[in-house]
Amino acid sequence: MDPLRLSTRTVNGHALVGVGGEIDLATAPELCAHVAGVLDTGVTRVTLDLGGVTFMDASGLTALLVLRRHALGTGATLHLAALPRQVRLILRVTGLDACFAVPPQSGSADGDLARRSAVADL
């Protein structure tokens, strides 16, 4: 078992939540609680960097949907980034890629957040 690892950075009202390890029945509630706490701080955008995710089951998919709904309820947007191949595949097979803006390639969300912050500062 690969334990869930979470980290958060906030820049100019945008939060980047790094997610690593397994997202399953045992860890999905922890992911939801963490990201809901971030959303409740008033950020306008949360990006989940899923680059470190090694496994995701139906509980993980449900967690993403719950967080999407929570984000909409707070007036924020939820984005996915750096999706591993298996996560991208499960989103596509289930049709949930239509619910999320799934990026065309899996790069680091860190660089994207830094670029957006630099542009916002101009």
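Residues numbered from 1 in each chain as written. Predicted model: local features only at pLDDT ≥ 70, side-chain atom pairs only at ≥ 80, totals over all residues. Heavy atoms only, no water.

Enquirer: Sorry if this is basic, but what is going on with the environment of Leu-67 here?
Expert: Among the structural elements, Leu-67 can be located in helix α2 (residues 58-74). Residue class for Leu-67 comes out buried when judged on its relative accessible area of 1%. On a C-alpha basis, the gap between Leu-67 and Thr-77 in space is 9.8 Å, while along the polypeptide they are ten residues apart. (Helix = DSSP H or I, 4+ residues; strand = E, 2+ residues; numbered from the N terminus. Buried < 20%, exposed > 50% of the residue type's maximum accessible area, 1.4 Å probe, protein only.)

Enquirer: Sorry if this is basic, but what is going on with the sheet that holds strand β3 (residues 45-56) here?
Expert: The pairing of strands in a sheet comes from backbone hydrogen bonds and takes either a parallel or an antiparallel form. Strand order in the open sheet formed by four strands is β1-β2-β3-β4, and the pairing between neighbours is mixed. Looking along the sheet, the strands with just one partner apiece sit at the ends: β1 (5-11) and β4 (77-81). In this sheet, neighbouring strand axes are inclined to one another by 20° on average, regardless of whether the strands run parallel or antiparallel. The pairing of strand β2 (residues 14-23) with β3 spans nine bridges and is classified as parallel. Looking across to β3, one finds that Ile-23 is bridged to Met-56. Packing against the sheet, α2 makes contact with β2, β3 and β4, and its axis sits at approximately 145° to β4. This element, helix α3 (residues 85-94), spans β3 and β4 of the sheet and lies at about 105° to β3. (Pairing = 2+ DSSP bridges. Axes fitted to C-alpha atoms, helices over the stretch in contact; angles between N-to-C directions. Contact = heavy atoms within 4.5 Å.)

Enquirer: Sorry if this is basic, but what is going on with the nonpolar core here?
Expert: Formed by 30 residues in total, the largest nonpolar core has its most connected members in Val-19, Val-46, Leu-48 and Leu-91. Sorting the residues of this core by element identifies β2, α1 (28-39), β3, α2, β4 and α3 as the ones contributing at least two each. Examining the composition of this core, we find that six residues originate from one element, α1, more than from any other. Sequence-distant contacts of Leu-91, that is, excluding residues within four places in its chain, are made with Leu-61, Leu-64, Leu-80, Leu-83, Leu-96, Asp-97, Phe-100 and Val-102. (Core = buried A, V, L, I, M, F, W, Y, C linked by side-chain atoms within 4.5 Å.)

Enquirer: Could you clarify how one ought to interpret the environment of Thr-10 in this entry?
Expert: With respect to the helices and strands, the residue Thr-10 is situated in strand β1. Of the residues examined, Thr-10 reaches a relative accessible area of 49% and is grouped as partly exposed. Sequence spacing of Thr-10 and Arg-45 is 35 residues, and the spatial spacing of their C-alpha atoms is 9.7 Å.

Enquirer: Looking at this structure, how should I read α2?
Expert: Every α-helix winds through 3.6 residues per turn, so residues three or four apart in the chain are directed the same way. In this model α2 runs 25 Å from its N-terminal to its C-terminal C-alpha over 17 residues, within 8% of the 24 Å that 1.5 Å per residue would give. Tucked inside the fold, the buried residues of α2 contact β2, α1, β3, β4 and α3. The N-cap of α2, judged by a side-chain oxygen 2.9 Å from the amide nitrogen of Ser-59 a few residues on, is Asp-57. One or two residues past the end of α2 sits Gly-75, with phi positive at roughly 85°. (Expected span 1.5 Å × (residues − 1). Polar contact = N/O pair within 3.5 Å; in protein donor to acceptor, adjacent residues only side chain to side chain.)

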